[in-house]
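A structural walkthrough
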Amino acid sequence: MRIFEPGLCSVTFRSMPTQVVIELAAANGIKAIEWGGDIHVPPGDLDNARDVAARTAKAGLTVSSYGSYIFAPDFAPDDVTATLDTAKALGTSHIRIWPGSRKRPSVDYAPEERRAATDALATLARRADDYGMTIGLEYHPNSLTDTLPSSLQLLQDLPMPNLYFYWQPAPGLPLDDALAEISALGSRICHLHVFAWLSDASRLPLRERADYWRACVDALPASAWTKPAYAMLEFVKGDNVGQFSEDVAVLSEILAGS
């Protein structure tokens with residue numbers, strides 16, 4: 001079984017100030033935060049990024065990654081520079097990227113459009129490598145990682161040594177399908193985004209999907225990823241702080257193999 005430590009995606013509590021997110025994470029045994037580029041750490045605001053980095057470290061936490069909102073191929077060179085510089089200011093060497101245009105399913109792409117997106121992702125990986133950074137592709141509905149065949153095509157077309165995949169189940173994904181995805185992509189999986197959603201996107205306490213997640217974590221094969229790996233809580237039922245505390249405790253049990 002691969003070793004993952006508990007983490008938190010800051011988008012779980014978008015409405016909270018960064019300091020509140022930091023204190024909440026530290027108080028509940030979270031080890032690292034993926035800071036999102038939408039609210040808490042906007043790209044290009046380097047003073048803010050340095051301040052968030054300092055306060056995160058002061059609380060004894062790591063910045064696991066920078067959750068960017070770059071959608072390949074829909075970005076400008078300046079967007080990439082701002083994102084890379086912000087990640088550097090945050091003190092992380094890993095950036096999350098969205099494969100494909102925003103909210104567009106993989107089946108909608110003509111071959112030439114898919115090639116353009118793949119070429120853009122390769123460009124991003126090379127730019128990140130210039131900074132000594134890795135990138136992870138968001139694994140998400142309505143993107144180029146919304147089905148296993150599409151994800152495997154990316155895996156084949158992007159053999160970049162600094163490019164990896166996040167993994168999370170589509171809401172309501174049967175366990176057998178989740179295990180098939182993990183088996184096929186596991187050698188390139190960097191981090192996990194953890195939540196408990198039904199197929200209609202309604203949320204559950206993580207405890208109600210503990211066996212599901214335990215099976216997924218147990219099934220993950222060895223990966224080329226050599227940095228610390230985090231299973232990051234992303235959204236909780238009702239955006240509730242008490243539910244978050246309960247979910248962290250459940251996640252910690254799962255990661256400990258208990």
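Up top you'll find the structure we're talking about.
Conventions used here
- Residues numbered from 1 in each chain as written.
- Predicted model: local features only at pLDDT ≥ 70, side-chain atom pairs only at ≥ 80, totals over all residues.
- Heavy atoms only, no water.
- Pairing = 2+ DSSP bridges.
- Helix = DSSP H or I, 4+ residues; strand = E, 2+ residues; numbered from the N terminus.
- Axes fitted to C-alpha atoms, helices over the stretch in contact; angles between N-to-C directions.
- Contact = heavy atoms within 4.5 Å.
- Buried < 20%, exposed > 50% of the residue type's maximum accessible area, 1.4 Å probe, protein only.
- Arc of directions from axis to C-beta.
- Core = buried A, V, L, I, M, F, W, Y, C linked by side-chain atoms within 4.5 Å.
- Parallel < 35°, antiparallel > 145°, perpendicular 65-115°, else oblique.
- Nonpolar A, V, L, I, M, F, W, Y, C, P; charged D, E, K, R; others polar.
- Phe/Tyr/Trp six-rings, centres within 6.5 Å; stacked < 30°, edge-to-face > 60°.
- Lys NZ or Arg CZ within 6 Å of the ring centre and 35° of its normal.

Our next topic: the sheet that holds strand β3 (residues 62-72). A barrel is described by the order of its strands in space; here 8 strands give the closed sequence β1-β2-β3-β4-β5-β6-β7-β8, paired in parallel fashion. Sheet twist, expressed as the mean angle between neighbouring strand axes with direction ignored, is 30 degrees. The pairing of strand β7 (residues 189-194) with strand β8 (residues 230-233) spans 3 bridges and is classified as parallel. Its bridge partner being in β8, His-193 is matched across the sheet by Met-232. Strand contacts of helix α1 (residues 18-27): β1 (5-9) and β2 (32-36), with the helix running at about 155 degrees to β2, the strand carrying the most contacts.

Within the span of helix α6 (residues 175-185), buried status applies to Ala-178, Glu-181, Ile-182 and Leu-185. Seen along its axis, α6 keeps its buried residues to an arc of 95 degrees; they face one direction. Summarising the geometry of α6, the exposed residues directed more than 90 degrees from the buried face are Asp-176 and Ser-183.

Grouped together as the largest cluster of nonpolar side chains are 84 residues, with contacts concentrated most on Trp-35, Leu-90, Trp-167, Leu-192, Trp-213 and Phe-244. Not counting chain neighbours up to four residues away, the residues in contact with Phe-244 comprise Leu-8, Phe-13, Leu-24, Asn-28, Ile-30, Leu-233 and Val-236.

Turning our attention to the environment of Ala-120. With respect to the helices and strands, Ala-120 occurs in helix α4 (residues 111-130). The spatial distance from the C-alpha of Ala-120 to the C-alpha of Pro-149 is 20 Å, given a sequence separation of 29 residues. Those residues in contact with Ala-120, other than ones at most four positions away along the chain, are Ala-72, Pro-73 and Phe-75.

Orientation of helix α5 (residues 148-157) relative to α6, taken along the N-to-C sense of each, is 5 degrees, at an axis distance of 11 Å. In terms of orientation, α5 lies roughly parallel with respect to α6. Every residue of α6 that contacts α5 at Leu-148, Ser-151, Leu-152 and Leu-155 is listed here: Ala-180, Glu-181, Ala-184 and Leu-185. For the contact of α5 with α6, the class distribution of residues is 6 nonpolar, 1 polar and 1 charged.

Next up on the list: the packing of aromatic side chains. Going through the model one piece at a time under the given rule, you end up with 8 aromatic pairs. Seen from their ring centres, Phe-195 and Trp-197 are 5.2 Å apart, and the 50 degrees between their planes marks the pair as tilted. Residue classification places Phe-195 among the buried residues on the basis of a relative accessible area of 7%. You can call Trp-197 partly exposed: its relative accessible area is 22%. Put simply, the rings of Tyr-69, Phe-71 and Trp-98 pair up and form one aromatic cluster. Across the ring face of Tyr-69, the terminal group of Arg-96 is positioned such that the distance to the ring centre comes to 5.2 Å.

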